Amino acid sequence: MFTQFKVKAEAVGSEVHRFDTKAEALDFIEKFLKEENIKDAPGSFALWADSPILKGVDTKALAKKYPGLKFEVTRKLAKDAKVCITQVDWGIANTGTVAQDSTAVDQRLAAALPWIHIALLSTDTIVADLPALMSRMHPSRNRYITLTTGPSRTADIERVLAIGVHGPERLVIVCIDESGGKK
Amino acid sequence: MTKQFTKSIHKALKNQNLAGILDRWNYPTARAKAYEGIDFEALRTQIAERKGYAADHLDDLAERFKKAAESRGAKVFRTSSPQAVKDYITNLCKEKGVKKVVKSKSMASEEIHLNKHLAENGIQADETDLGEWIIQLAHQTPSHFAMPALHLTKEEISDLFSKEVNKPLSNDIQQLVKIARKELREKFLNADLGISGANIAIAETGTIITVTNEGNARLVTTLPKIHVALVGLEKLVANYTDAIPILTALPKSATSQLMTSYVTLITGPTPNDDGSMKDLHIILMDNKRTEMAKDPKFKEALQCIRCASCLNVCPVYRLVGGHVFGHIYTGGIGTILTAWFNELKSTEDIQGLCIGCGKCKEICPGKIDIPGLILEIRRRLAAKQGLPFVYKSALSVINNRKLFHTMLRAAFLAQKPFAKDGFIRHLPMFLSGLSEYRSLPTIAPVPFHDLFKKIKQPASKTKAAFFSGCAIEFVFPKIGEAVVKVLNKAGIEVLFPEGQSCCGIPHWGSGAFDMAALAAAHNIKPLLENDVQYVVTACATCATALKKEWPHVLQGENMDNLVPEAEKLAAKTVMFSELVNKLIEERKLTPKDGQQLAKITYHDSCHAKRHAGIYKEPRAALTAVGYELKEMFENDTCCGMGGSYTVKQPELSMRMLKRKLKNIESTGAEYVSAECPGCLIQLAGGLDKSSSKIKAKHPAELMEERFK
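Source: prediction; values computed, not measured.

1. Here's the deal with the overall build of chain A
Check the secondary structure of chain A and you find six helices and twelve strands. For 183 residues, the compact-globule estimate of 2.2 N^0.38 gives 16 Å, and chain A sits close to it at 16 Å. Seen through its principal axes, chain A has C-alpha atoms that stretch 45 × 45 × 30 Å. Taken over 183 residues, chain A has a buried fraction of 61%. Contacts in chain A between residues far apart in sequence, at least 24 positions, make up 76% of those at least 6 positions apart. Entry remark: accessible area of chain A is about 7000 Å², with carbon and sulfur atoms responsible for 51%. Charged side chains in chain A number 25 positive and 23 negative. The centres of these two groups are separated by 4 Å.

2. As for the overall build of chain B
Of the regular secondary structure elements, chain B holds 35 helices and 21 strands. Taking 2.2 N^0.38 as the reference for a compact globule, 708 residues should give roughly 27 Å; the C-alpha atoms of chain B span a radius of gyration of 28 Å, in line with that estimate. Taken along the three principal axes of its C-alpha coordinates, chain B extends 95 × 55 × 50 Å. Out of the 708 residues belonging to chain B, those deemed buried represent 61%. By sequence separation, contacts in chain B at least 24 residues apart represent 79% of the contacts at least 6 residues apart. Put simply, chain B shows about 27600 Å² of open surface, and 53% of that area lies on carbon and sulfur atoms. Computing the positive centroid from 95 side-chain charges and the negative centroid from 77, chain B places the two 4 Å apart.

3. Topic: the pairing of strand 7 (residues 116-122) of chain A
Each regular strand displays side chains that alternate between the two surfaces of the sheet. Residue and element names in this part refer to chain A. Counting buried positions over the seven residues of strand 7 gives seven, a clear majority of the element. Neither face of strand 7 is left uncovered, since the one carrying I116, I118, L120 and S122 and the one carrying H117, A119 and L121 both have all their residues buried. Pairing analysis gives five bridges linking strand 4 (residues 81-87) to strand 7, with the strands arranged parallel. Bridge pairing links C84 to H117 in strand 7.

4. A look at helix 6 (residues 82-96) of chain B
Residue and element names in this part refer to chain B. With 15 residues, helix 6 should reach 21 Å at 1.5 Å per residue; the first-to-last C-alpha distance of 22 Å fits that figure. Those residues of helix 6 not exposed but buried are V85, K86, I89, T90, L92 and C93. Viewed along the axis of helix 6, the buried residues span an arc of 155°, placing them on a single side of the element. Among the exposed residues of helix 6, those oriented more than 90 degrees off its buried face are K94 and E95. Buried residues along helix 6 sit in contact with strand 1 (75-79), helix 8 (114-120), strand 4 (193-196), strand 7 (226-232) and strand 10 (279-285). Its side-chain oxygen at 3.2 Å from the backbone nitrogen of Q83, S81 defines the N-terminal cap of helix 6. Positive backbone phi, at 70°, marks G97, one or two positions downstream of helix 6.

5. Thoughts on unusual backbone geometry
For R159(A), which is not a glycine, the phi torsion comes out positive at approximately 60°. For R159(A), the location among the structural elements is in the loop between strand 10 (153-154) and strand 11 (162-163). Using a relative accessible area of 18% as the deciding quantity, one classes R159(A) as buried. One non-glycine residue with positive phi stands out, namely D531(B), at about 50°. By the secondary structure assignment, D531(B) is in the loop between helix 26 (513-528) and strand 16 (534-537).

6. Quick notes on the sheet that holds strand 8 (residues 126-127) of chain A
Strand order in the open sheet formed by eight strands is 8(A)-5(A)-6(A)-9(A)-9(B)-6(B)-5(B)-8(B), with mixed pairing between adjacent strands. Among the strands making up the open sheet, the edge pair consists of strand 8 of chain A together with strand 8 (236-237) of chain B. Pairing of strand 9 (residues 144-148) of chain A with strand 9 (residues 262-267) of chain B, which is carried by five bridges, proceeds in the antiparallel orientation. Across the sheet, residue I145(A) finds its bridge partner in strand 9 of chain B, namely L265(B).

7. Comments concerning the interface of chain B and chain A
Tallying the contact residues gives 63 residues for chain B and 49 residues for chain A. Taken over both partners, the interface formed by chain B and chain A buries close to 5100 Å², and the fraction arising from carbon and sulfur atoms is 59%. Summed over the shared surface of chain B and chain A, the result is three salt bridges. We note a salt bridge from R24(B) to E158(A), for which the minimum N-O separation is 3.8 Å. The interface formed by chain B and chain A holds 36 residue pairs in polar contact (both at pLDDT 80 or more) in total. Secondary-structure elements contributing two or more residues to the side of chain B that touches chain A are helix 2 (17-25), helix 9 (130-137), helix 10 (154-165), helix 11 (173-190), helix 12 (216-222), helix 13 (243-255) and strand 9 of chain B.

8. Topic: the sheet that holds strand 14 (residues 463-467) of chain B
All names here are of chain B. Sheet architecture is open: four strands sit in the order 15-14-16-17, paired in parallel fashion. Lying at the two open borders of the sheet, with one neighbouring strand each, are strand 15 (493-495) and strand 17 (573-575). On average, each strand axis in the sheet is tilted by 35° relative to the strand beside it, whichever way the strands run. Helix 27 (residues 540-556) rests against strand 14, strand 16 and strand 17 of the sheet, and its axis sits at about 160° to strand 17. Helix 28 (residues 563-572) rests against strand 16 and strand 17 of the sheet, and its axis sits at about 35° to strand 17.

9. Digging into the pattern of salt bridges
If you walk through the whole model with that rule in mind, you get 52 salt bridges over all chains. The residue R75(A) makes a salt bridge to D273(B) at a minimum N-O spacing of 3.1 Å. Pair noted here: R75(A) is in helix 4 (residues 75-79) and D273(B) is in the loop between strand 9 and strand 10, and the two residues belong to different chains. R619(B) serves as the salt-bridge partner of D604(B), at 2.7 Å between the closest nitrogen and oxygen. Here the residue D604(B) occupies a position in the loop between strand 18 (599-602) and helix 30 (606-612), and R619(B) occupies one in helix 31 (residues 616-624), the gap between them amounting to 15 residues.

10. Here we look at the packing of helix 26 of chain B against helix 27 of chain B
Residues and elements named next belong to chain B. Packing of helix 26 against helix 27 brings their axes to within 9 Å, and their N-to-C directions diverge by 120°. Here helix 26 lies oblique to helix 27, going by the angle between them. Relative to helix 27, helix 26 is oriented so that their crossing is left-handed. On helix 27, the residues touching F513, A516, A517, A520, A521, N523, I524 and L527 of helix 26 are L546, W550, V553 and L554.

11. Some words on the environment of L92(B)
All names here are of chain B. Secondary-structure assignment places L92 in helix 6. According to the relative accessible area criterion, L92 is buried, its value standing at 4%. Distance from L92 to A238, taken between C-alpha atoms, is 29 Å for residues 146 residues apart in sequence. Once residues lying within four places of it in the same chain are set aside, the contact partners of L92 are L193, I226, V228 and H281.

12. Topic: the nonpolar core
Residues and elements named next belong to chain B. Counting residues in each nonpolar core, the largest one holds 80 residues, and the members touching the most others are F65, I282, I336 and L652. Per-element accounting of this core gives the leading share, six residues, to helix 17 (residues 331-341). Ignoring sequence-local partners within four residues, the contact set of L652 consists of I9, L13, V316, L319, V320, L353 and Y645. One finds F476, L661, A674 and L683 within the second-largest nonpolar core, a separate group that totals 64 residues.

13. Topic: the packing of aromatic side chains
Within this structure, the stated rule accounts for 17 aromatic pairs over all chains. Measuring from centroid to centroid gives 5.5 Å for F448(B) and F466(B), while their planes differ by 75°, and the two rings are edge-to-face. Placement of F448(B) in helix 22 (residues 448-453) and of F466(B) in strand 14 is noted, with a sequence separation of 18 residues between them. The exposure class of F448(B) is buried, given its relative accessible area of 0%. Accessibility expressed as a relative area gives 1% for F466(B), which makes it buried. Members of the aromatic cluster, joined through ring pairs, are F448(B), F452(B), F466(B) and F496(B). Positioned over the ring face of F45(A) is K70(A), at 4.9 Å from the centre of the ring.

14. Some details on the confidence of the model for chain B
Where the model shows low pLDDT, its predicted coordinates should not be examined in detail. Confidence along chain B averages 93 in pLDDT terms, with 99% of residues attaining 70 or more. This complex was scored by the predictor with a pTM of 0.93 and an ipTM of 0.97.

Here is what the cut-offs are and how they apply
Residues numbered from 1 in each chain as written. Chains lettered and ligands numbered in written order. Predicted model: local features only at pLDDT ≥ 70, side-chain atom pairs only at ≥ 80, totals over all residues. Heavy atoms only, no water. Helix = DSSP H or I, 4+ residues; strand = E, 2+ residues; numbered from the N terminus. Rg over C-alpha atoms; globule rule 2.2 N^0.38 Å. Buried < 20%, exposed > 50% of the residue type's maximum accessible area, 1.4 Å probe, protein only. Contact = heavy atoms within 4.5 Å. Areas by Shrake-Rupley, 256 points an atom, 1.4 Å probe, with all protein chains shown as cover. Lys, Arg positive; Asp, Glu negative; His and termini not counted. Charge placed at Lys NZ, Arg CZ, Asp CG, Glu CD. Pairing = 2+ DSSP bridges. Expected span 1.5 Å × (residues − 1). Arc of directions from axis to C-beta. Polar contact = N/O pair within 3.5 Å; in protein donor to acceptor, adjacent residues only side chain to side chain. Buried area = accessible area lost by both parts, 1.4 Å probe. Salt bridge = Lys/Arg side-chain N within 4 Å of Asp/Glu carboxyl O. Axes fitted to C-alpha atoms, helices over the stretch in contact; angles between N-to-C directions. Parallel < 35°, antiparallel > 145°, perpendicular 65-115°, else oblique. Left-handed = near helix turned anticlockwise from the far one by under 90°. Core = buried A, V, L, I, M, F, W, Y, C linked by side-chain atoms within 4.5 Å. Phe/Tyr/Trp six-rings, centres within 6.5 Å; stacked < 30°, edge-to-face > 60°. Lys NZ or Arg CZ within 6 Å of the ring centre and 35° of its normal. pLDDT = per-residue confidence, 0-100.

Given below as structure tokens:
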């Protein structure tokens, strides 16, 4: 399932990484924030929206270590964020899609406004296809469901593909086999 | 056709940006790749069933939707009137002090010219879908409803953006997109109210689904504190799972993607970022949709999922773009929607753009018979207003073979000064347009029914009746001769029932179904008279009539008593190549040994492939006798003949022909074959006029001498 997910997600321009453990995934994110030069300045923030994976993580220490990394998401901060991190609920293998209940507004702001969106995904939540996903998510429980397949794109000018028109330019999917924080 | 309309076509033909863009996209190939591994027929049958069910239960579903959405805290407003929609939104704006609105794409709002209304009330509404924003800046209407600004070049768009941001910009598309992001981001953040459309509305749960690639719908439904979703009633489906086939097909058909970047399912208000709850209003707009649902024919059009694939494959849309359609919805389905959302009369000109090639019907994910419905518009217009006198009298003449014959004899004599080698290359004065890009065929000195009498055939128990059709009778009698010769080789004796006349397709195609039914009635008896084994036609257009349309036409015109006979005839009717292929397979026809014949390419006539369903058979038969088949690009795209279309829309017909000729030439074949005399007239005329070495031949001519 993961292999198909990765192939389909990469085919639409998503970046897919897979780690055995939560610790390795966190390491990757730290490195990523360094590489992206996250700073405590508008345009360079990194925001981490409320995520189950953060349970047991010393967020204060992390925030101290990476000035500019914040664990709150407001409109003002999201507007000036370079990177936002959210934890999504499901993956769809045959389209390379990630799915999230984004009823909470911080999740929506974090996924929609920055240049880079990092989506954390438990590898074991990847399902085969859309019908399989729709049997797991339902409007009666999930008020605002977002399915995301690749970065924001448009071909409205001369049918030429352009990335990052209103939403993120990069969608980085971090799959974790033992997340210990499955939603 | 009004002069103004002819002018607008002429103007559109000068601007071929859109054709170039569609060519670079190569939609048919990209689409096919997106659908790899998917049973498209099964998928579209599901969509047709679920949307068809919804169309039958619009009122019930709207009520269920309202209840479900209201129970989640949304406010739902149902109305049939566009004015009431506009009033509702302006009142809401006044009440809440809204000055700035951001919109994600909503064709329903375009349909009622909402932006104009808001502007008149001092409310600034900015489109945020890139294409919609571009046409808003250009003060235009969408030319394509999935990609609204497809007709504009990057240079034109750069000019528009430069004016908007007050500084000169480059033509680089990536940079232009970033400018749009920056400009529109400010608008998102400052807007008081967001207006979205919906791709699907689920009655069971009160959910609206939006599908965007850019992500603008997420911002429109998240950043402003008030959200108004303007939803056409046809977006309703009964149940949550009904969304599955639609969401599966829409991205593939619309933009050849497996999935659109963002799909959002919103059920009731969600929190705003200031802690308040969203003020969510959902407007269910009828505007003639219920009326449409009550029409037994047009109900089908409500199965549309607005993918616009019918535009992408249309040979006419490719040439003229969207603006000649004159209203918001463009292309094939647009013509149908305009007939209802505006009025029937407003489609008087644009219905004539459809050549009836059937390409769109093949790929429609809603399984809508788009050309059939446009023909129905034509029929209703003809019934209401009558056909123009010239057409009506011409069609009457065709139905009367004796009179037709006399007139054509006169024409044969009159053509003499212009004819040479079987072609008319120049015509004087106002007729010159007809022979500008294509030589015209001459009328044969001896019509087929006279020629037939001189053919000596061996008597046989197996008999076939030959239905020649007008073109073989008067223009290509030699094709008829070849048909007889080949069938004789298989031990079949060919009869030529004298009472036959025109098959009625010209009448049918003009919307004169009553005259088409008369034509059917006139022909059935003589064709069935001798209890023949086969009724053979070598004309794809006649095959459409005999094999498929006659029973329907007779039924529609209350001539039910003839329907069983028409069905009997349909079951007996075969196209020439279909029969030959069968006879080869049954070893009743044996190709001569060891023949390596010329390289040929095969053009699928629209009637043969998409109406009669015959396209494998001629290829099999022609290669069996030794021809080398070299397929052309777009082998089943219309050549532009379309019967009277070539006379009514000469400019479009010639453009289609030009493209076809180019595709034929690139194969390097010696012959192009088609089992349709209409196509042969067009192709042979075009090849002659362009001094090509390639000859257009009927399969019967190519196979005449090829059997033992």
